[in-house]
Amino acid sequence: DAGITQSPRHKVTETGTPVTLRCHQTENHRYMYWYRQDPGHGLRLIHYSYGVKDTDKGEVSDGYSVSRSKTEDFLLTLESATSSQTSVYFCAITREVTDTQYFGPGTRLTVL
Amino acid sequence: TQLLEQSPQFLSIQEGENLTVYCNSSSVFSSLQWYRQEPGEGPVLLVTVVTGGEVKKLKRLTFQFGDARKDSSLHITAAQPGDTGLYLCAGVSYNQGGKLIFGQGTELSVKP
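Residues numbered from 1 in each chain as written. Chains lettered and ligands numbered in written order. Predicted model: local features only at pLDDT ≥ 70, side-chain atom pairs only at ≥ 80, totals over all residues. Heavy atoms only, no water.

### Description of the pattern of salt bridges
Residue and element names in this part refer to chain A. To be explicit about the condition: Basic side-chain nitrogens of Lys or Arg form a salt bridge, by our definition, when they fall within 4 Å of a carboxyl oxygen of Asp or Glu. Each residue gets one of three labels from its accessible area relative to the maximum for its type: buried under 20%, exposed over 50%, partly exposed in between, using a 1.4 Å probe on protein chains only.
Inspection of every chain in the model, using the stated rule, returns eight salt bridges over all chains. The salt bridge involving Arg36 is made with Asp38; its shortest N-O contact spans 2.8 Å. Given a relative accessible area of 9%, Arg36 falls into the buried group. In this structure, the salt-bridge partner of Asp38 is Arg44, at a minimum N-O distance of 2.9 Å. Note on Arg44: relative accessible area 19%, which makes it buried.

### Topic: the sheet that holds strand β3 (residues 19-24) of chain B
All names here are of chain B. Note the threshold: If DSSP finds at least two bridges between two strands, the strands pair. Only runs of H or I of at least four residues qualify as helices and only runs of E of at least two qualify as strands under DSSP, and these elements are numbered from the N terminus. Only C-alpha atoms enter the line fits that serve as axes; for helices the fit covers just the stretch in contact. Angles between N-to-C directions range over 0 to 180 degrees.
Strand order in this open sheet of five strands is β1-β3-β8-β7-β6, and the pairing throughout is antiparallel. In this open sheet, the two strands that pair with only one neighbour each are β1 (5-7) and β6 (55-58). When strand polarity is set aside, the average angle formed by the axes of neighbouring strands in this sheet is 15°. As paired strands, β6 and strand β7 (residues 61-65) are joined by four bridges and run antiparallel to one another. Counted as the bridge partner of Leu58 is Leu61 from β7.

### A word on the state of the cysteines
What counts here: The disulfide criterion used throughout: a pair of cysteine sulfur atoms within 2.5 Å.
Under the definition given, this model contains two disulfides over all chains. Two residues, Cys23 of chain A and Cys91 of chain A, share a disulfide whose sulfurs are 1.9 Å apart. Taking the sign of the torsion about the S-S bond as the criterion, the disulfide between Cys23 of chain A and Cys91 of chain A, at about -70°, is left-handed. Placement of Cys23 of chain A in strand β3 (residues 19-25) and of Cys91 of chain A in strand β9 (residues 87-95) is noted, with a sequence separation of 68 residues between them. Classification of Cys23 of chain A as buried rests on a relative accessible area of 0%. Among the residues examined, Cys91 of chain A registers a relative accessible area of 0% and is labelled buried. Disulfide partner of Cys23 of chain B: Cys89 of chain B, at an S-S distance of 1.8 Å.

### Observations regarding unusual backbone geometry
What you tend to see is this: most non-glycine residues have negative phi, and most peptide bonds are trans. The linkage connecting Ser7 of chain A with the following residue, Pro8 of chain A, adopts the cis geometry, with an omega of -5°. Take Pro8 of chain A: it is sitting in the loop between β1 (4-7) and β2 (10-13). Look at the link from Ser7 of chain B to Pro8 of chain B: it is a cis peptide, with omega at -10°. Position of Pro8 of chain B among the secondary structure elements: in the loop between β1 and β2 (10-14). In this structure, Asn28 of chain A is a non-glycine residue whose phi angle is positive, near 60°.

In structure tokens:
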């Protein structure tokens, strides 16, 4: 357990609406990540952050934006949700001492 | 783009049987990690293999990293129902800032 919480844990929304998912960590880790998990695809990196206001794109970043104004919070925003963004979203941090990623409990998002 | 091909994607066996899960790539990784994920939770790290040819054991689980650091395997001896879950391999890339590249996952079901 690396003190990672995600909110909300479940969300149902409609196509075209904006959605923001929040990841909160309590251990002041520098690196934070957002992944999505879909059947047959494992986990795919959406965006990641290597410090406050320092973010970069992952392999599936289209349609997503992120912000990190504080060390402890990493926000993922879907500006206009589409059905293809229905997925389970995981936040992760890297504990640098051991170079190990720890994952949050996930957010299940359904876009109707 | 680096890819990790994980096989099989689904495996259903009886308690007491042995099984092997494979993770293959054409790319070289600095290390390779194996995760286990239970329904409704995030992945949890089982082991990291770093050296080509390395073998690590975790009770009935044996992990091997290929000599060329392009492939890995997970072998479970005498599987038990408690081993049921999703197993994911993830490669740590040399040239992508340490980001993880995940395989598609293997859904293992061990029946009593």
